[in-house]
Amino acid sequence: MSVNKKRQRKIAENLFSELHQTPVLLGSLCGACDEHFFPRQDACAKCPSEDMQDVVLGSSGQLWSWTVQHFPPKPPFRSNASAEKFEAYGVGYIELPCGLKVESRLLENNPENLSIGDSMELKIVPFFTDEDGCEVLSFAFQRAS
Amino acid sequence: MTDVAIVGIGLHNFGRTPNRSGLEQGAFAVREALADADMAWRDVQVAFGGSQDAGNADSLCLKLGLTGLQFTNVSNGCATGGSALNAAFQCIKAGSAETALAVGFDKHAHGAFNADPKDWGLPDWYGEAGYMLTTQFFALKLQRYMHDHGISSDTLVRVAEKAFRNGALNERAWRRKALSYDEIAESPMVNNPLRKYMFCSPAEGGAAILLCDARIAHKYTSKPIYLKAAVVRTRHYGTFEVFNPSLAAEQTPPPSVQASKDAYEIAGVGPKDFDVLQLQDTESGAEIMHMAENGFCEHGEQETLIKSGATEIDGAMPVNTDGGCLANGEPIGASGLRQVYEVCLQLRGDAGSHQVPGNPSLGYTHVYGAPGVSGVNILQR
């Protein structure tokens, strides 16, 4: 008898991946001016150049700013929870080792547990489920253990 | 070079007027400005106007008269009013028109602004995953600013308190009930550190400003107000704006800083010369940050300035004397021109119960809008 494992898909390609079993964020590096970008870009907004390389940006960083989303957003926000069952979610900017700050959902929604400077690590988790039952995965950061 | 005078101002009350379309509110404001200037619509040679949600501004001609004038629609988010005024100003400066109108109006649905990633060059996942909220941007920018410059949440409350106190003194405002410190401080958290009563609400309203070549201003008014500078600037790489999936390693100053500096230079004045200021207050933290970005104080100084009452109507640097966006709501197309309307009232001595004492003669308006546009105007009696 086969076990039905839930189908999963990424929310988008080229955002994140796994490297040696560790989730990593993907982005671009400009060959002309060494500026990093997230998400992946075809051209550099800084110099400008089209000499862009695909790079791994990292899997951990420091919390640069944070907030908690206390009200359910309207579409295009996707969630399987009704407005009444909405659960607040954290959002922040995480400063990666290259200096780039990436905007990300946080796996913490209690303001008491969020502080600028906290060490954070990347996780890939289901965010919502499609109508056909497929789980949609995206990236979020949680406080490093 | 030609000097530009403001000779007519008009406003439709901000807030909610269910039985009037945004366009009708815009027309109301234009008619009031024309009456104020004793100018006929057929004598307006060029117009710039904008509305985000209430239709094309040039539809106003159907209500005011199809005279064949040059009418260009403007779309620059919350900086629409500032952009429209800048364009009208430039026409007169260049000598291509003797009279010009800047108009803005809007009628937004209830609740937070609903943005589509596609409109901003962003991928669908950014909206699906829950990042497409302007309130998040204000909160995230403010949270970092408070950390870097020692601003307390007490100061956020005080700014909102002042806004509603001033709104209560302003007959044209939407929110005319002063809220207590505790009502604001205990209102539900929306996006930390910002609570419900620290945010403006999308609303309705219209505002219109009539300009002319200063040499003919006497035909229209005995109290011309001179528009000494009208500047619009956009972001450089590395700024912290709305809807940014990432921020550059090296942060650069926001567009408000450059707009402000350039306006001072054009007008030949400095921050200390001003008597009344209208600074974009989409939420109370924005008013605080914009005080420093526009050069009126150092980063962090807002903490002592606001506590000491310096930004009150009778203070050393009155800010948002008509209640700002917090008390008037935010109809995007109109807000930038509401600020100009208010400064004109102040400089004419016509602001009634919310008049800045001491015969103010130099005023400043500042707007900021997505995706990183700032407009600054300097007005002088």
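Residues numbered from 1 in each chain as written. Chains lettered and ligands numbered in written order. Predicted model: local features only at pLDDT ≥ 70, side-chain atom pairs only at ≥ 80, totals over all residues. Heavy atoms only, no water.

Trainee: What exactly am I supposed to notice about helix 6 (residues 153-168) of chain B here?
Mentor: Three- or four-residue spacings in an α-helix give side chains the same orientation, since the helix completes a turn every 3.6 residues. Residues and elements named next belong to chain B. Spanning 16 residues, helix 6 covers 23 Å between terminal C-alpha atoms, matching the ideal 22 Å at 1.5 Å per step. Within helix 6, 12 of the 16 residues are buried, which leaves it mostly tucked inside the rest of the structure. Every buried residue belonging to helix 6 is among Asp154, Thr155, Leu156, Val157, Val159, Ala160, Glu161, Lys162, Ala163, Phe164, Asn166 and Gly167, and all of these are buried. Along its buried surface, helix 6 packs onto helix 5 (134-149), helix 7 (181-185), strand 6 (194-195), helix 9 (284-293), helix 10 (302-307) and helix 11 (324-328). (Helix = DSSP H or I, 4+ residues; strand = E, 2+ residues; numbered from the N terminus. Expected span 1.5 Å × (residues − 1). Buried < 20%, exposed > 50% of the residue type's maximum accessible area, 1.4 Å probe, protein only. Contact = heavy atoms within 4.5 Å.)

Trainee: I keep staring at the pairing of strand 1 (residues 4-15) of chain B and nothing clicks. Help me out?
Mentor: Put simply, side chains in a regular strand alternate between the two faces of the sheet. Residues and elements named next belong to chain B. Strand 1 sits mainly inside the fold: 11 of its 12 residues count as buried. Direction of pairing for strand 1 relative to strand 8 (residues 225-234): antiparallel, over a ladder of two bridges. Directly across from Ala5, in strand 8, lies its bridge partner Tyr226. (Pairing = 2+ DSSP bridges.)

Trainee: I would appreciate a short explanation of the packing of helix 6 of chain B against helix 9 of chain B in the present structure.
Mentor: In a pair of packed helices, the angle between the axes and the distance between the axes together describe the arrangement. Residue and element names in this part refer to chain B. Helix 9 packs onto helix 6 with a crossing angle of 100° between their chain directions and a minimal axis gap of 8 Å. Of the possible angle classes, the one that applies to helix 6 and helix 9 is roughly perpendicular. Side by side, helix 6 and helix 9 meet where Thr155, Leu156, Val159, Ala160 and Lys162 of the first sit next to Ser284, Gly285, Glu287 and Ile288 of the second. By residue class, the composition of the contact of helix 6 with helix 9 is four nonpolar, three polar and two charged. (Axes fitted to C-alpha atoms, helices over the stretch in contact; angles between N-to-C directions. Parallel < 35°, antiparallel > 145°, perpendicular 65-115°, else oblique. Nonpolar A, V, L, I, M, F, W, Y, C, P; charged D, E, K, R; others polar.)

Trainee: I'm lost on the interface of chain B and chain A in this one. Help?
Mentor: Interfaces are often sized by the amount of accessible area the parts lose when they come together. Residue-level contacts link 34 residues of chain B with 41 residues of chain A. A combined buried area of about 3,300 Å² lies between chain B and chain A, and 59% of that area is made up of carbon and sulfur atoms. It is B:Trp125, B:Glu128 and B:Tyr237 in chain B that bury the most area against chain A; as a group they hold 21% of the surface buried on that side. Taken together, chain B and chain A are joined by zero salt bridges. For the pair chain B and chain A, the number of links is 23 residue pairs in polar contact (both at pLDDT 80 or more). Secondary structure elements with two or more residues in the side of chain B that touches chain A: helix 4 (124-128), helix 5, strand 5 (189-191) and strand 9 (246-247) of chain B. Counting residues per element, the side of chain B that touches chain A draws most heavily on helix 5 of chain B, which supplies seven residues. Tallied by class, the residues present in the side of chain B that touches chain A amount to 18 nonpolar, 14 polar and two charged. (Buried area = accessible area lost by both parts, 1.4 Å probe. Salt bridge = Lys/Arg side-chain N within 4 Å of Asp/Glu carboxyl O. Polar contact = N/O pair within 3.5 Å; in protein donor to acceptor, adjacent residues only side chain to side chain.)

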